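# Observations on the three-dimensional arrangement
What follows is the residue order along each chain.
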Amino acid sequence: MSGAFNPLKNFRWLVAASVATVVGWAWYAEGVRPLREDEVTTRIRIAELGGKIESAGKAIEKMRAHDGQAAEARAELDRWNQECPAGSAMTWFPELVKSHFTRFGMVVAIVRLNTTLDEPDLPGYSRAYWSVGLPISEANKGLASLLAAAELEQHHRFVRLLDFAIQPDPHDLSRRIAVLNLSALIRK
């Protein structure tokens, strides 16, 4: 009876196979569970790192832009250092203004320093504020002085025209005077 059907023997094999399958599945599930948890954690970390990499890329681009601006500012400061006359601004700035307006056929009546303030972003430099008085002839009615003032800014980048006014000359009320308020970056 070796080939006869024995339901008890087959049932035992079926139970043994089922138990082995359940045990194997449980063992597999327990072995895979930490890997799945690690996978979830890793995906979260990858997403976080992706955000950080994107932020870092933006920061790098900003730094490159700032480096470019800093290089331009350094070049501008170097140009200014080459253009800026040596010595006291009390001496060279009035001469610079007088020679500039003389090229336009104008005589400077007065160049007066109003105040100087430290330039916080540029150690060793100050911003000086000046008043310049230019007599106006009847022929140009102030137009030449306005054009000459605009040219002053173009030729000397460290000088800025703050305001421009035409007023009666305090010494001769029948005449007019152009009053310019300028600022200039100077060495301390």
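### Remarks on the sheet that holds strand β3 (residues 159–168)
If you trace the four strands from one edge of the open sheet to the other, you get β1-β2-β4-β3, paired in antiparallel fashion. Where the open sheet ends on each side, the last strands, each with one partner, are β1 (110–118) and β3. Taken pair by pair, the neighbouring strands of this sheet meet at an average axis angle of 20°, ignoring direction. With eight bridges joining them, β1 and strand β2 (residues 125–136) adopt antiparallel strand pairing. Counterpart to R112 in the pairing with β2 is S131.

### Quick notes on the packing of aromatic side chains
Scanning the model with the defined rule gives four aromatic pairs in all. Taking 5.9 Å as the distance between ring centres and 75° as the angle between the ring planes, the aromatic pair formed by W92 and F93 counts as edge-to-face. With respect to class, W92 is no different from F93; both count as buried.

### Here's the deal with helix α1 (residues 7–83)
With 77 residues, α1 extends 110 Å between its outermost C-alpha atoms, agreeing within 8% with the 114 Å of an ideal straight helix rising 1.5 Å per residue. Where α1 bends most, the angle comes to about 25°, and this point is V32, followed within four residues by the proline P34.

### Considerations on helix α2 (residues 89–102)
Across its 14 residues, α2 extends 19 Å between first and last C-alpha, which sits within 8% of the 20 Å expected from 1.5 Å per residue. Three or more residues of α2 are buried, namely A89, W92, F93, P94, L96, V97, H100 and F101. Here α2 starts with a cap whose side-chain oxygen sits 3.1 Å from the backbone nitrogen of M90, and that cap is S88.

### Topic: the nonpolar core
In terms of nonpolar packing, the biggest core is built from 28 residues, with F93, V97, F101, V132, L134, L180 and L182 touching the most fellow members. When contributions to this core are tallied by element, the ones reaching two or more residues are α2, β2, α3 (143–155) and β4 (176–187).

### Focus on the confidence of the model for the protein chain
For the protein chain, the average pLDDT comes to 84, and 94% of its residues sit at 70 or higher. When pLDDT is averaged over each element of the protein chain, β1 comes out on top at 93 and α3 at the bottom at 80.

### A word on the side chain of S183
Among the secondary structure elements, S183 is positioned in strand β4. The exposure class assigned to S183 is buried, which follows from its relative accessible area of 3%.

### Some words on a nonpolar patch on the surface
Where nonpolar side chains cluster on the molecular surface, the patch consists of L8, F11, L14, V15, V19 and V23 and spans about 560 Å² of accessible area. According to the relative accessible area criterion, L8 is partly exposed, its value standing at 48%.

### Quick look at the pattern of salt bridges
This model, assessed by the stated rule, comprises seven salt bridges. Residue R64 is joined to E61 by a salt bridge in which the shortest nitrogen-to-oxygen separation is 3.1 Å. Taken together, the positions of R64 and E61, both in helix α1 and three residues apart, correspond to about one turn of that helix. For E61, a relative accessible area of 46% gives the class partly exposed.

Each value, and the rule that gives it
Residues numbered from 1 in each chain as written. Predicted model: local features only at pLDDT ≥ 70, side-chain atom pairs only at ≥ 80, totals over all residues. Heavy atoms only, no water. Pairing = 2+ DSSP bridges. Helix = DSSP H or I, 4+ residues; strand = E, 2+ residues; numbered from the N terminus. Axes fitted to C-alpha atoms, helices over the stretch in contact; angles between N-to-C directions. Phe/Tyr/Trp six-rings, centres within 6.5 Å; stacked < 30°, edge-to-face > 60°. Buried < 20%, exposed > 50% of the residue type's maximum accessible area, 1.4 Å probe, protein only. Expected span 1.5 Å × (residues − 1). Bend = angle between axes of the 7 residues up to and from the residue. Polar contact = N/O pair within 3.5 Å; in protein donor to acceptor, adjacent residues only side chain to side chain. Core = buried A, V, L, I, M, F, W, Y, C linked by side-chain atoms within 4.5 Å. pLDDT = per-residue confidence, 0-100. Patch = residues over 30% accessible without salt bridge, like charges linked within 9 Å, V, L, I, M, F, W, Y side chains within 5 Å. Areas by Shrake-Rupley, 256 points an atom, 1.4 Å probe, with all protein chains shown as cover. Salt bridge = Lys/Arg side-chain N within 4 Å of Asp/Glu carboxyl O.

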